[in-house]
Amino acid sequence: MSQPLAERLRPRTLDDYIGQQHLVGEGAVLRKMIDAGRISSFILWGPPGVGKTTLAQIIAHRLETPFFTLSAVTSGVKDVRDVIEKAQKGRFFNEASPILFIDEIHRFSKSQQDSLLGAVERGVVTLIGATTENPSFEVIRPLLSRCQLYVLKSLEKDDLLQLLDRAIHTDVVLKEKNIELRETGAILRFSGGDARKLLNILELVVDSESSEDSENSESSEKSVAPIVITDELVNLRLQQNPLAYDKDGEMHYDIISAFIKSIRGSDPDAALYWLARMIEGGEDPVFIARRLVISAAEDIGLANPNAMLLANAAFDAVNKIGWPEGRIPLAEATVYLATSPKSNSAYLGIDAALDLVRRTGNQPVPLPIRNAPTQLMKELGYHDGYKYPHDFPGHFTPQQYLPDELVNERIWHGQHSPAEEKLVERMKNYWGKRYEK
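Residues numbered from 1 in each chain as written. Predicted model: local features only at pLDDT ≥ 70, side-chain atom pairs only at ≥ 80, totals over all residues. Heavy atoms only, no water.

Student: Even after reading the chapter, I still don't get the overall build of the protein, so can you show me in this structure?
Tutor: A tally of regular secondary structure across the protein gives 20 helices and seven strands. Here the protein, with 437 residues, has 41% of them falling under the buried criterion. A sequence separation of at least 24 residues applies to 74% of the contacts in the protein between residues at least 6 apart. (Helix = DSSP H or I, 4+ residues; strand = E, 2+ residues; numbered from the N terminus. Buried < 20%, exposed > 50% of the residue type's maximum accessible area, 1.4 Å probe, protein only. Contact = heavy atoms within 4.5 Å.)

Student: So what exactly am I meant to see when it comes to helix H16 (residues 306-321) here?
Tutor: One turn of an α-helix holds 3.6 residues; hence residues three or four places apart share an orientation. Along its 16 residues, H16 runs 22 Å from first to last C-alpha, staying within 8% of the 22 Å computed at 1.5 Å per residue. Within H16, the full set of buried residues consists of Ala307, Ala311, Ala314 and Val318. Take H16 and look down its axis: the buried residues cluster within an arc of 55°, on one side only. Away from the buried face of H16 by more than 90 degrees, exposed residues Leu309 and Lys320 are located. Of the surrounding secondary structure, the elements contacted by the buried residues of H16 are helix H15 (285-300) and helix H17 (327-339). Just beyond H16, the residue with positive phi is Gly322, at close to 70°. (Expected span 1.5 Å × (residues − 1). Arc of directions from axis to C-beta.)

Student: What exactly am I supposed to notice about unusual backbone geometry here?
Tutor: Where the residue is not glycine, phi is negative for most of them; where a peptide bond is considered, it is trans in most cases. Even without a glycine there, the phi angle at Gln20 is positive, about 55°. Following the sequence through the fold, Gln20 ends up in the loop between helix H1 (5-8) and helix H2 (21-24). A positive phi angle, near 55°, is found at Glu64, a position not held by glycine.

Student: Explain a nonpolar patch on the surface here, please?
Tutor: On the surface, Tyr386, Tyr388 and Tyr401 cluster together to form a nonpolar patch covering roughly 300 Å² of accessible area. Among the secondary structure elements, Tyr386 is positioned in the loop between helix H19 (375-379) and helix H20 (418-431). For Tyr386, a relative accessible area of 31% corresponds to the partly exposed category. (Patch = residues over 30% accessible without salt bridge, like charges linked within 9 Å, V, L, I, M, F, W, Y side chains within 5 Å. Areas by Shrake-Rupley, 256 points an atom, 1.4 Å probe, with all protein chains shown as cover. Salt bridge = Lys/Arg side-chain N within 4 Å of Asp/Glu carboxyl O.)

Student: I'm lost on H17 in this one. Help?
Tutor: Here H17 contains 13 residues, and its C-alpha end-to-end distance of 18 Å stays within 8% of the 18 Å for a straight helix at 1.5 Å per residue. Of the positions making up H17, those classed as buried are Pro329, Leu330, Ala333, Thr334, Leu337 and Ala338. Angularly, the buried residues of H17 cover 160° about the axis, an arc narrow enough to put them on a single face.

Student: Before we go on, may I ask you to explain the sheet that holds strand E3 (residues 99-103) in this structure?
Tutor: The strand order E2-E3-E4-E1-E5 describes an open sheet built from five strands, whose pairing is parallel. Every interior strand has two partners, whereas the edge strands, strand E2 (67-71) and strand E5 (148-151), have only one. With strand direction ignored, the average angle separating the axes of adjacent strands in the sheet is 20°. Two strands pair when backbone bridges link them, and E2 and E3 are joined in this way by five bridges, in the parallel orientation. Across the sheet, Leu70 pairs through a bridge with Ile102, a residue of E3. (Pairing = 2+ DSSP bridges. Axes fitted to C-alpha atoms, helices over the stretch in contact; angles between N-to-C directions.)

Student: Whenever I open this one, the packing of helix H14 (residues 268-280) against H17 confuses me. Can you help?
Tutor: It is the contact of H14 with H17, at a shortest axis distance of 9 Å, that shows an interaxial angle of 150°. When the interaxial angle is binned, H14 and H17 end up roughly antiparallel. For the element pair H14 and H17, the recorded crossing hand is right-handed. Along its contact with H14, which presents Pro268, Ala271, Leu272, Leu275 and Ile279, the element H17 presents Arg327, Leu330, Ala331, Thr334, Val335, Ala338 and Thr339. Residue classes in the contact of H14 with H17 are distributed as nine nonpolar, two polar and one charged. (Parallel < 35°, antiparallel > 145°, perpendicular 65-115°, else oblique. Left-handed = near helix turned anticlockwise from the far one by under 90°. Nonpolar A, V, L, I, M, F, W, Y, C, P; charged D, E, K, R; others polar.)

Student: Mind showing me how you'd approach the packing of aromatic side chains here?
Tutor: By convention here, two paired aromatic rings are described through the distance between centres and the angle between planes. The full count for this structure, using the stated rule, is five aromatic pairs. Residues Phe42 and Tyr150 carry aromatic rings whose centres are separated by 5.4 Å and whose planes lie at 65° to one another, so their mutual orientation is edge-to-face. Of this pair, Phe42 sits in strand E1 (residues 42-45) while Tyr150 sits in strand E5, placing them 108 residues apart in sequence. Classification of Phe42 by relative accessible area gives buried; the value is 0%. The exposure class assigned to Tyr150 is buried, which follows from its relative accessible area of 9%. What links up through ring pairs into an aromatic cluster is the set Phe396, Tyr430 and Trp431. The cationic tip of Arg189 hangs over the ring face of Phe190; the distance from NZ or CZ to the ring centre is 5.3 Å. (Phe/Tyr/Trp six-rings, centres within 6.5 Å; stacked < 30°, edge-to-face > 60°. Lys NZ or Arg CZ within 6 Å of the ring centre and 35° of its normal.)

Student: Hey, could you run me through the packing of H15 against H17 in this one?
Tutor: In a packed pair of helices, the relevant descriptors are the angle between the two axes and the axis-to-axis distance. Between H15 and H17, the shortest axis-to-axis distance is 11 Å and the interhelical angle comes to 20°. When the interaxial angle is binned, H15 and H17 end up roughly parallel. The two elements H15 and H17 cross, and the hand of that crossing is left-handed. Only Leu330, Ala333, Thr334 and Leu337 of H17 make contact with H15, whose side of the interface consists of Pro285, Ile288, Ala289, Leu292, Ser295, Ala296 and Ile300. Looking at the contact of H15 with H17 residue by residue, the classes come out as nine nonpolar, two polar and no charged.

Student: Quick question: what am I supposed to make of the environment of Ala6 here?
Tutor: With respect to the helices and strands, Ala6 occurs in helix H1. With relative accessibility at 18%, the residue Ala6 sits in the buried group. Separated by 43 residues in the primary sequence, Ala6 and Gly49 have C-alpha atoms spaced 9.7 Å apart. When near neighbours in sequence (up to four residues on either side) are disregarded, Ala6 contacts Arg196, Leu199 and Asn200.

Student: Just checking my understanding: could you explain the pairing of E1 for this structure?
Tutor: On a regular strand, one side chain projects to one face of the sheet and the next to the other, so that they alternate. Inspection of the sheet shows E1 paired to strand E4 (residues 126-131) by four bridges, in the parallel sense. Among the inter-strand pairings, Trp45 is bridged to a residue of E4, identified as Thr131. Of the strand pairs in this sheet, E1 and E5 are connected by four bridges, and their pairing is parallel. Looking at the pairing, Ile43 lines up with Leu149 of E5.

In structure tokens, the structure reads:
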């Protein structure tokens, strides 16, 4: 059976590697380490299909060092220890440490990650981890502190077009076919910057057209009919076979996007449907739970602050009870968030504040609200004139909290939900005209 196109086209050298020039381009940090022949342990963080595994394999081949691979999905502590023992026994004096590549390292438990620490610290192995999730949340701090972190980006349009051109003209199978890329909008859009997905879509479309041509052909002597790839053709083939081009049978980022948008759009039926799609497709439940927490903060916000509490409770429950029972708190949180009133005022507020800070720079803190831990600071007027709100009726008294240059700025704007309108009314009572804008 022929290898998939994505595997046939996997680069073997850095010169063939597409994208991530900020890491492997001339003079970039990883290129320098590889050229020097010595690398330290590091973690590659980026979305699927951007070349994490490929880069690890290229490095091992270039350095001519033993290369061990573990998948966090199928490997346990014993597997980790077995690999470390093999690496220790097979290493010669002064030889570069064997490379241990761990795919989806974010799925390793704390005990599995702990079992790596000693070997990484002593240089028994050079660890290369790959993850699609933020390592700050998923990798234990002692291990993270022993590794550099390199962020890989989704492939740009030019990278994807270069990959398509290479596939059509150099792949041993595709170059024998008469393929014309007339339109690329749909294939690029569906790929989402994922090289593997891009090549899987291309292979699906070409195979589908080739099959039809074979069925319609009257003679084996006929010349190869052209395969003209258009946006319409790509849309048609993916509608007929929507799961065929994704590695795990699910469009990871498309599905999670549909899930969050259904919650934001207050459609619990659709939200539960997309939740079921993720569960059935084997999605990491912790990933789903984390996105629910984000949605509670971003989309429900102050319209129903209890949404954040329930989303966090679901996150904790999933971690405690695991699968399959974890689907129940996830469903509960999903329905609660979808049926809650919505507000993104806090989300817009912090973005507006960040924009203001970037535009106006480091404005001085007003003297009355500065800290005054030393006598000199007190003599300079720090803290002078500060009014302690709890000393006043209603625990409020007007005073200036923003820098002088920004004293009239409005940043947070309340939105129209019952809970938030109460907050706005309170601010109007406190600050008067300032909150009537």
